[in-house]
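Residue-level structural notes
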Amino acid sequence: MIFFSLSSTYYLGEASRYNAQANPSHFSSIWHGKLKRFFQKTTPDLTLKKFDHKERNWSSLAAGRGGATSETASVDDFGAKGDGTDDTEAFEKAWERSCSSTDGVAFVVPAGKRYRVKPIRFTGPCKSNVKVEIYGTIEASDDRSDYSEDSGHWLVFDSVDNLVVEGGGTINGNGKIWWENSCKRNKAKPCKEAPTALSFCENQNLVVKNLKIQDAQQMHVSFDKCSDVQASNLVVTAPGDSPNTDGIHVTNTQNIVIASSIVGTGDDCISIVSGSQKVQIQDITCGPGHGISIGSLGKDGSKDYVSGVNVNGAKISGASNGVRIKTWQGGSGSANNIRFQNVEMNNVTNPIIIDQNYCDQKGPCKEQPSAVQVQNVVYQNIQGTSASDVAIDFDCSESHPCQRITLQDINLKRVGGHEAAAATCNNVQTAIVRNVSPSC
């Protein structure tokens, strides 16, 4: 048995000013390279232990393909049919078996079937680490009355630490009935909440990977009050006109890595809102949708904070926005220490935008003196084409201007390349380092 003891928590991503623990991050990059491949080839059943010096306990991290789990709780074993009938009870029983076991029983959704389920909350804490293996398709009930007790959620993993959710299967929100009844599509309809397809709430040490999430009722995947999260190899899709269908939503979450994923929906590809810190976004393909957004923040006078966001490597195509920060008038707090780098834009309407006068409501938003402070934002190596005349749009607050906004190596042209794009800069303090086109 081999033990690695680290003196502090670490997360993936380059050592930067956003990561005070440079040495653990360096170890992480080595581990995820040659060292990890060596151990996987030579000792496939090895289990590593990471020591948490604060809690004085050991958590098992499987290095081999199978991990430590050998027994399974398949939903089929508990009566699931996978034939379009209601399999909710079988899922609940399988979860109870898996979560209550002290031996690490994997929760399994078999391949080749479509399991229709009503809203389910998979609640912890569990007696051992749980792995959820989704190989088939989980499909949401499209009877809206099934969501009367909780209109905001479909599948929820709540307070389950050291959880792994993977398998290559599909989670289908069956959202068409919800989109048709949205006030965004039909102005005669009342504006009502719709379920998020897959929610993770108050989970620590969470891994979500190798899944397809499609056609959510509203948001697709949400991380709420989570910490130490790795989300990778996700394919998140919905029609470009599906309302409010954010791809990946991050709220009140710290130390999260979102990597190597494809997201195209009817709203933000990735949205990051209040309480989120140390967010690493890497190798993302985005579009259609509304781009990668921080916010909205400050709605209804709220005090919101987001900090330490690093978007490093993205390709955004056919989206209404590229990289965006959006805040409402009347709020307070800050969006601070944010970096957008190595981003390719292809036919994006607003490639770079800060909007401190964001207003997403039926009537006009009234002028208000307070605002969320936007500061310490870096845009570096952003190239490509704008579908509009204005490729850089900084619409900042008169009372709280944007501060310390840095641009470096920016080259954005109009689609077709025949006309120069423009930049609009209101109430913003910018530092142009070099090679910026268009510029303020």
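Above this note sits the structure.
Quick look at the structure, then. The model shown is predicted, which means the values in this text are computed figures rather than measured ones.

1. Brief notes about the overall build of the chain
Broken down by element type, the chain carries three helices and 31 strands. Counting the 440 residues in the chain, one finds 50% classified as buried. On the chain, roughly 19300 Å² of surface is accessible, and the fraction owed to carbon and sulfur atoms is 45%.

2. Side note on unusual backbone geometry
Negative phi values dominate among residues other than glycine, just as trans dominates among peptide bonds. That bond from Gly124 to Pro125 is cis: its omega, 0 degrees, falls within 30 degrees of zero. Cis peptide bonds are those with omega within 30 degrees of zero, and the linkage from Gly295 to Ser296 qualifies with 20 degrees. Residue position: Ser296 is located in strand β22 (residues 292-297). Backbone geometry places Asp300, a non-glycine residue, at a positive phi of 55 degrees. By the element assignment, Asp300 lies in the loop between β22 and β23 (303-317). On the accessibility criterion, Asp300 (75% relative accessible area) is exposed.

3. Some details on the pattern of salt bridges
When charged atoms on two side chains of opposite charge get close, those side chains can pair. The tally for this structure, following the rule as stated, stands at 18 salt bridges. For the salt bridge of Asp389 with Arg414, the shortest nitrogen-to-oxygen distance reads 3.0 Å. Remark: Arg414 occurs in strand β29 (residues 402-414) and Asp389 occurs in the loop between β27 (373-386) and β28 (390-395); sequence separation between them is 25 residues. Note on Asp389: relative accessible area 49%, which makes it partly exposed. Here the salt bridges share partners, and the residues they tie into one network are Arg114, Arg116, Glu139 and Asp142.

4. What to know about the environment of Asn244
With respect to the helices and strands, Asn244 occurs in the loop between β17 (227-237) and β18 (248-251). Between the C-alpha atoms of Asn244 and Gln217, which are 27 residues apart in sequence, the distance is 8.8 Å. For Asn244, the contacting residues outside a window of four places in its chain are Lys184, Gln218, Met219 and Asp267.

5. A word on the packing of aromatic side chains
Taken as a whole and assessed by the stated rule, the structure comprises 13 aromatic pairs. Summarising the aromatic geometry, the rings of Phe200 and Phe223 are spaced 5.4 Å apart at their centres and angled 10 degrees between planes, so their arrangement reads as stacked. Highlighted residues: Phe200 in strand β14 (residues 196-201) and Phe223 in strand β16 (residues 221-224), separated in sequence by 23 residues.

6. Quick look at the sheet that holds strand β24 (residues 321-328)
With parallel pairing, the eleven strands of this open sheet are ordered in space as β8-β11-β14-β16-β18-β20-β22-β24-β26-β28-β30. Each of the sheet's edge strands pairs with one partner strand only, and the pair in question is β8 (120-123) and β30 (422-426). Sheet twist, expressed as the mean angle between neighbouring strand axes with direction ignored, is 15 degrees. Relative to β14, strand β11 (residues 153-158) runs parallel, the two being bridged by five bridges.

7. Notes on the nonpolar core
One finds Phe200, Phe223 and Tyr379 to be the most contacted residues of the largest nonpolar core, which totals 94 residues. The greatest single-element share of this core, amounting to six residues, is contributed by strand β25 (residues 332-348). If we ignore the near neighbours within four places in the chain, the residues touching Tyr379 are Val323, Ile325, Phe340, Ile352, Ile354, Phe394, Ile405, Thr406, Leu407, Gln408 and Ile410.

8. Concerning the side chain of Gln408
Counting through the fold element by element, Gln408 comes out in strand β29. Once you skip the residues sitting within four places of it in the chain, Gln408 turns out to touch Tyr379, Gln380, Asn381, Val433, Arg434 and Val436.

9. Remarks on helix α2 (residues 88-100)
The first and last C-alpha atoms of α2 sit 18 Å apart over 13 residues, in line with the 18 Å expected at 1.5 Å per residue. Among the residues of α2, Thr88, Ala90, Phe91, Ala94, Trp95, Ser98 and Cys99 are the ones counted as buried. For α2, the angular spread of the buried residues around the axis is 160 degrees, confining them to a single face. Summarising the geometry of α2, the exposed residues directed more than 90 degrees from the buried face are Glu89 and Glu96.

10. What to know about the side chain of Gln375
Of note, Gln375 is situated in strand β27. Residue Gln375 is classed as buried on the basis of its relative accessible area of 16%. Excluding residues that lie within four positions of it along the chain, Gln375 makes contacts with Ala335, Asn336, Asn337, Gln403 and Arg404.

Conventions adopted
Residues numbered from 1 in each chain as written. Predicted model: local features only at pLDDT ≥ 70, side-chain atom pairs only at ≥ 80, totals over all residues. Heavy atoms only, no water. Helix = DSSP H or I, 4+ residues; strand = E, 2+ residues; numbered from the N terminus. Buried < 20%, exposed > 50% of the residue type's maximum accessible area, 1.4 Å probe, protein only. Areas by Shrake-Rupley, 256 points an atom, 1.4 Å probe, with all protein chains shown as cover. Salt bridge = Lys/Arg side-chain N within 4 Å of Asp/Glu carboxyl O. Contact = heavy atoms within 4.5 Å. Phe/Tyr/Trp six-rings, centres within 6.5 Å; stacked < 30°, edge-to-face > 60°. Pairing = 2+ DSSP bridges. Axes fitted to C-alpha atoms, helices over the stretch in contact; angles between N-to-C directions. Core = buried A, V, L, I, M, F, W, Y, C linked by side-chain atoms within 4.5 Å. Expected span 1.5 Å × (residues − 1). Arc of directions from axis to C-beta.

Purely geometric numbers; function is a separate question.
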